[in-house]
Amino acid sequence: MDSILIHGGTPLAGRIPIAGAKNACLALMPATLLSDEPLTLTNCPRLSDIRTMTQLLQSLGAEVSQLQGGQVLVLSSHDLAGVRADYDIVRKMRASILVLGPLVARRGRAEVSLPGGCAIGARPVDLHLRALEALGAAMDLRDGYVHASAPSGLRGAVVEFPFVSVGATENLLLAAVLARGTTVIRNAAREPEVVDLARCLRRMGARIAGEGTGVIEIEGVDRLAGATHPVVVDRIELGTYMLAPAIAGGEVECLGGRLDLVAAFADTLARTGMEVRATADGVAVRHGGARPRAVDVVTAPFPGFPTDLQAQMMALLCIAEGESVLEERIFENRFMHAPELLRMGARIEVHGGTARVHGVERLRGAPVMATDLRASVSLILAGLAAAGETVVSRVYHLDRGYERLEAKLSAVGARIERVQGT
Ligand code: UD1
């Protein structure tokens, strides 16, 4: 297994291009199942999660061609054969559940394996299932699979989610566009990836209003056409690289970055003392020279502070002056990076969903490993600040969500390399 080796302590300077959003792309790709005309997605990130979704769609009979080295995906579902999403693929990636809505909407039935346990808490899919039931799908859970059927089609309904779920909002949107009549989603997720999905579906001929607010209204149509859609920029990759100069020193410009997508995070970063500004080509962050100041962080659905940047922010707060409190409100058990950061000399106490970080002057390099994507990258960031050598193992997590991470960071002066495993 590969690992990543970092020699910390080098300030950074330069520009990092930000890719299209993994989480947007994973919701956009299943939209192909709704039409027999081709869907072309541009600005796609080249990541293992995207390859997993490609395999899943191919297993259902969709054709997926890659152009420009995978940055453009042309998806076509004119000849859909399958309705079954197998455990072997679903277990690799929870987002596989997003084929459920479009399959039931277009084919009238679907069999999708339930995603297994996940490293960041229980993460059930009950909201997805209840939402599709509200549209008239019959659900049966057997042998670890959801068997969904709606032989005479789905019909619009009012669905109010008890709490915000990005995936359940997307699954419902992907089904309601072909349902008869009007669907209203209340307490809908407002994340930019949901907005991007709504925009793409509208290009395909769907009738949707209200995306980006808590209430989305969808008027079902009989059929959807093909379309070409650029994937929105990845706000989590953006936030991760905005933290790099804050941790290592120096200045980095993130090309293609948009401050409106990371406003709560950017505000928090500015409160630590970093200079954050929009540029003509993206977003720049400059370390002012003084040690970062402690800040408190509470994760929340968009437009709040994203849970997917909590681990990376913690890496910065480990070297801040003073005590920071981080409250994780979206997922249980999402502080698995904390024990690894402790190995690098951080001072952190975790009690349930709250972590108290007492900033130290300096972290020390150490061999570490992480069990999820964002936790892994937080250890890379910590390594940029640490004295000596940090070795991060199990980097396959990183490859799920960060395209050419070591190349992007070494291009701005970080001493980082991938070591091929045996
Ligand atoms: C998506 C993102 C993930 C991000 C998360 C929150 C993708 C592929 N992944 O995940 O990176 O961390 O949003 O911003 O886009 N829940 C239920 N029942 C359900 C669905 C969710 O109880 O049926 C709970 C979850 O366990 C969690 C909360 O709802 O506690 C929010 O999860 P949700 O917004 O659904 O996250 P995902 O869509 O899985």
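Being a predicted model, the structure only gives us computed values, none of them experimental. (Residues numbered from 1 in each chain as written. Predicted model: local features only at pLDDT ≥ 70, side-chain atom pairs only at ≥ 80, totals over all residues. Heavy atoms only, no water.)

Teacher, can you tell me more about the domain arrangement of the protein here?
By convention, interface size is frequently given as the accessible area that disappears when the constituent parts associate. Entries for the protein in the domain assignment read domain 1 (3–18 + 233–419) and domain 2 (22–230). In this structure, domain 1 and domain 2 have C-alpha centres spaced 31 Å apart. The interface is formed by 21 residues belonging to domain 1 together with 20 residues belonging to domain 2. Counting each side, the surface lost to burial between domain 1 and domain 2 is near 1700 Å², with a carbon and sulfur contribution of 49%. Between the two partners, domain 1 and domain 2, sit three salt bridges. Counting across the domain 1 and domain 2 interface gives seven residue pairs in polar contact (both at pLDDT 80 or more). If one sorts the elements of the side of domain 1 that touches domain 2 by residue count, helix H13 (residues 396–401) sits on top with three residues. Considered class by class, the residues forming the side of domain 1 that touches domain 2 number eight nonpolar, three polar and 10 charged. (Domains from an automatic or database assignment. Contact = heavy atoms within 4.5 Å. Buried area = accessible area lost by both parts, 1.4 Å probe. Salt bridge = Lys/Arg side-chain N within 4 Å of Asp/Glu carboxyl O. Polar contact = N/O pair within 3.5 Å; in protein donor to acceptor, adjacent residues only side chain to side chain. Helix = DSSP H or I, 4+ residues; strand = E, 2+ residues; numbered from the N terminus. Nonpolar A, V, L, I, M, F, W, Y, C, P; charged D, E, K, R; others polar.)

What is the right way to look at the environment of Gly167 in this model?
Turning to its location among the elements, Gly167 is positioned in helix H6 (residues 166–176). For the pair Gly167 and Gly61, spaced 106 residues apart in sequence, the C-alpha to C-alpha distance is 23 Å. Apart from residues no more than four positions distant in its own chain, Gly167 is found in contact with Leu98 and His128.

For this particular structure, what's the right way to read the site of the ligand?
Neighbouring the ligand are 19 residues, the closest being Asp126, Leu127, Ser165, Asp308 and Ile330. Within the side chain of Asp126, one N or O atom sits 2.7 Å away from a nitrogen atom of the ligand. Contact distances for the ligand include 2.6 Å between an oxygen atom and a side-chain N or O atom of Asp308. When the ligand sits alone it has 740 Å² of accessible area, and the protein chains cover 84% of it. Of the residues contributing to the shell around the ligand, the split by class is nine nonpolar, five polar and five charged. Counting the residues that make up the shell around the ligand, at least three belong to each of domain 1 (3–18 + 233–419) and domain 2 (22–230). (Near = heavy atom within 4 Å. Areas by Shrake-Rupley, 256 points an atom, 1.4 Å probe, with all protein chains shown as cover.)

How should I be thinking about the sheet that holds strand E13 (residues 215–219) in this particular structure?
The strands making up a sheet associate through backbone hydrogen bonding, with each pair oriented either parallel or antiparallel. Pairing in this open sheet of four strands is mixed, and the strands run E10-E11-E13-E12 from one edge to the other. Each having just a single partner strand, strand E10 (158–160) and strand E12 (207–209) make up the two edges of the open sheet. Averaged over all pairs of adjacent strands, the angle between their axes in this sheet comes to 15°, without regard to strand direction. For E10 and strand E11 (residues 182–186), the ladder comprises three bridges, and the chain directions are parallel. (Pairing = 2+ DSSP bridges. Axes fitted to C-alpha atoms, helices over the stretch in contact; angles between N-to-C directions.)

It is not clear to me how the packing of aromatic side chains should be interpreted in this structure. Could you clarify?
Taken as a whole and assessed by the stated rule, the structure comprises one aromatic pair. Just above the ring of Tyr145 sits the side chain of Arg84; from NZ or CZ to the centre is 3.9 Å. (Phe/Tyr/Trp six-rings, centres within 6.5 Å; stacked < 30°, edge-to-face > 60°. Lys NZ or Arg CZ within 6 Å of the ring centre and 35° of its normal.)

Looking at this structure, I do not really get unusual backbone geometry. What am I missing?
Leaving glycine aside, a negative phi is the common case for residues, and trans is the common case for peptide bonds. At the junction of Phe302 and Pro303, the peptide bond is cis and its omega measures out at 10° in the coordinates. As for its position among the elements, Pro303 is in the loop between strand E18 (297–298) and helix H10 (310–317).

What is the right way to look at the sheet that holds strand E1 (residues 3–7) in this model?
With mixed pairing, the four strands of this open sheet are ordered in space as E22-E23-E1-E24. Both outer strands of the open sheet, strand E22 (367–369) and strand E24 (415–419), are each paired with one neighbouring strand and no more. Within this sheet the neighbouring strands show an average axis-to-axis angle of 20°, counted without direction. Of the pairings in the sheet, the one linking E1 to strand E23 (residues 389–393) comprises five bridges and is antiparallel in character. Within E23, the residue paired with Leu5 across the bridge is Val391. Most of the contacts of helix H12 (residues 373–385) go to E23, to which it runs at about 170°, and overall it touches E1, E22, E23 and E24.

Even after reading the chapter, I still don't get helix H7 (residues 192–203), so can you show me in this structure?
A turn of α-helix holds 3.6 residues, and therefore any two residues three or four places apart point the same way. Look at H7: 17 Å from first C-alpha to last across 12 residues, which is about the 16 Å you get at 1.5 Å a residue. Downstream of H7 by a residue or two, Gly205 has a phi angle that is positive, lying close to 110°. (Expected span 1.5 Å × (residues − 1).)

Which parts of the structure should I look at to understand the state of the cysteines?
The full count for this structure, using the stated rule, is zero disulfides. Lacking any disulfide linkage, Cys200 is separated from the closest cysteine sulfur, that of Cys25, by 10.0 Å. (Disulfide = S-S within 2.5 Å.)

How do you make sense of the packing of helix H8 (residues 235–248) against helix H9 (residues 263–271) when you look at a structure like this?
Interaxial distance between H8 and H9 falls to 11 Å at its minimum, and their mutual angle equals 5°. Considered as vectors, H8 and H9 are oriented roughly parallel to each other. Contacts between H8 and H9 involve Gly239, Met242, Leu243 and Ala246 from the former and Phe265, Ala266 and Leu269 from the latter. Along the lines of polarity and charge, the residues of the contact of H8 with H9 split into six nonpolar, one polar and no charged. (Parallel < 35°, antiparallel > 145°, perpendicular 65-115°, else oblique.)

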